[in-house]
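# Examination of the molecular architecture
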Amino acid sequence: MNYRAVKGMNDILPDEMVRWHHLEREFRVVAERHGYGEVRTPIIESTALFTRSIGEATDIVEKEMYSFERHGEALTVRPEGTASAVRAYVEHHIHQKEPVTRWYYLGPMFRGERPARGRYRQFHQLGCELFGDAGSVCDAEMIDMLHGLFMRLGISDLEIVINSLGGADTRPRYRQIIVDHLEPRKARLSEDSIRRLSSNPLRILDSKDERDIAALEGLPSIIEVLTQDDREHFDRLCSQLDRLGTPYRVDPTLVRGLDYYTRTLFELRSQAGQVGAQNALGGGGRYDNLVQQMGGPSTPAIGFALGVERILLAMDVAELASPPLVVIAPIGPQAASEALLMARELRDHGICVELDGRGGASTSLKAMLRRANARGARVCLVLGQEELESQKVQLKDLAARSQVLVAREELMHRLLDVLQQPMMTGGAA
Ligand code: HAM
């Protein structure tokens, strides 16, 4: 029996981790610089939490959730992070402790979508949620923060698309306008859109089907039907982004696939890395009614989530350097015991050390050197009988292909010296 990972779910091996860590580090730095603190919520929540917040008629709830029953409870492996953040915010009465709350999170999410490049069943998100501030300054700051993060990551063909869905009253009103416009043209719609016309007409707006696009012609844009308050909020956001010099494009057909949004919506896209149809690297928006809808006090909120796998596909980084590695190759059991101490001492000085314990048995120096090179080690320290007796160590600079015999007490100094030099060449010594 050959076991394989579940379809659409991937192993991330240590070689790829360097890029993951780089992205996670950059995200944490940027989020913390903007006052966000990390929150970790359980990966499993009650199913009702997601159906109520994301919306019954959304693709996620209709066909993508991993749900099951245990101990008489209906549970779901989280498909996104906002619902959990809101649940935790309400459950811990955070609004009583502080007027404004900024949380960030990172971790795996699960949606049973059809797997493709950039679209998986287990994927990872980096997200932020901000509670307690309704002003457009928040929206502008968040979008600008994302722009800054993507610039740091070297994704230069980023496109930021924004829209406004208006407040609670605009959505039903616009929904009716769509239905009134499409009902007489119903026969010309795609099958999906005919179904959505009664369940979730707003989603028809982002259909890519030619028939739907043709049928939508002449429909007033949602921006045109916003209330004066909503319109002013959106106009202020645009002028604040202009003032910041943050690039964006207004697209009145942007609706996104979750029901909780109100007012500002945004999506970040890139064509880099052939993420193909999955070109949304992230998205978010306001959800000013959700906290109250989930049992909390009326609290405005805004947030976003980024798809880690998609960003990594779009990120044009040549191999990121891992910290330089030192391999210790002892020859014989006595040298291996001594190497244990040496390895600990070097690690205490912050050096990454891999001890090739096989040298304590019968593995040859040649084989250990071959492995050190294959691991991309910068230095190999050879400790044989002769070196043991003379209290010395053979220091092999694998990049410079040179070696020197170093007194034990000078080792740290010499080693730090070599490790600080840029690696001019790779390859075998
Ligand atoms: P979302 O647009 O559903 O929003 O997901 C955000 C991002 O997660 C997407 O833009 C994409 O990069 C990534 N993503 C989604 N599904 C997949 C998948 N199957 N495979 C790979 N990547 C995927 C949300 O999840 C909201 N919670 C965002 C939010 C936070 N809104 C307010 N606060």
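All values reported here derive from a predicted model rather than from experimental measurement. (Residues numbered from 1 in each chain as written. Predicted model: local features only at pLDDT ≥ 70, side-chain atom pairs only at ≥ 80, totals over all residues. Heavy atoms only, no water.)

## Topic: helix α7 (residues 170–182)
If you check α7, its first and last C-alpha atoms are 18 Å apart, about what 13 residues at 1.5 Å a residue would give, namely 18 Å. Regarding α7, the residues found buried are Thr170, Arg171, Tyr174, Ile178, Val179, His181 and Leu182. Across the axial projection of α7, the buried residues extend over an arc of 165 degrees, all falling on one side. (Helix = DSSP H or I, 4+ residues; strand = E, 2+ residues; numbered from the N terminus. Expected span 1.5 Å × (residues − 1). Buried < 20%, exposed > 50% of the residue type's maximum accessible area, 1.4 Å probe, protein only. Arc of directions from axis to C-beta.)

## Examining the sheet that holds strand β2 (residues 44–46)
Sheet architecture is open: three strands sit in the order β2-β4-β3, paired in antiparallel fashion. The open sheet is flanked by β2 and β3 (66–70), the only strands paired with a single partner. Put simply, the sheet's adjacent strands are angled 35 degrees from each other on average, direction ignored. Pairing analysis gives three bridges linking β2 to strand β4 (residues 73–77), with the strands arranged antiparallel. By the bridge assignment for β4, Glu45 is matched with Thr76. (Pairing = 2+ DSSP bridges. Axes fitted to C-alpha atoms, helices over the stretch in contact; angles between N-to-C directions.)

## Focus: the domain arrangement of the protein chain
Splitting the protein chain by domain gives domain 1 (14–169 + 227–314) and domain 2 (325–418). The gap between the C-alpha centroids of domain 1 and domain 2 is 48 Å. (Domains from an automatic or database assignment.)

## Section: the environment of Tyr287
Tracing the chain through its elements places Tyr287 in the loop between β10 (280–286) and α11 (290–293). Through-space distance from the C-alpha of Tyr287 to that of Glu80 is 14 Å; in sequence the pair is 207 residues apart. Every residue in contact with Tyr287, bar those within four places of it in the chain, is listed here: Thr82, Val86, Glu129, Phe131, Tyr260, Thr262, Ala301, Ile302 and Gly303. At 2.6 Å, the side chain of Tyr287 and the side chain of Glu129 are in polar contact. (Contact = heavy atoms within 4.5 Å. Polar contact = N/O pair within 3.5 Å; in protein donor to acceptor, adjacent residues only side chain to side chain.)

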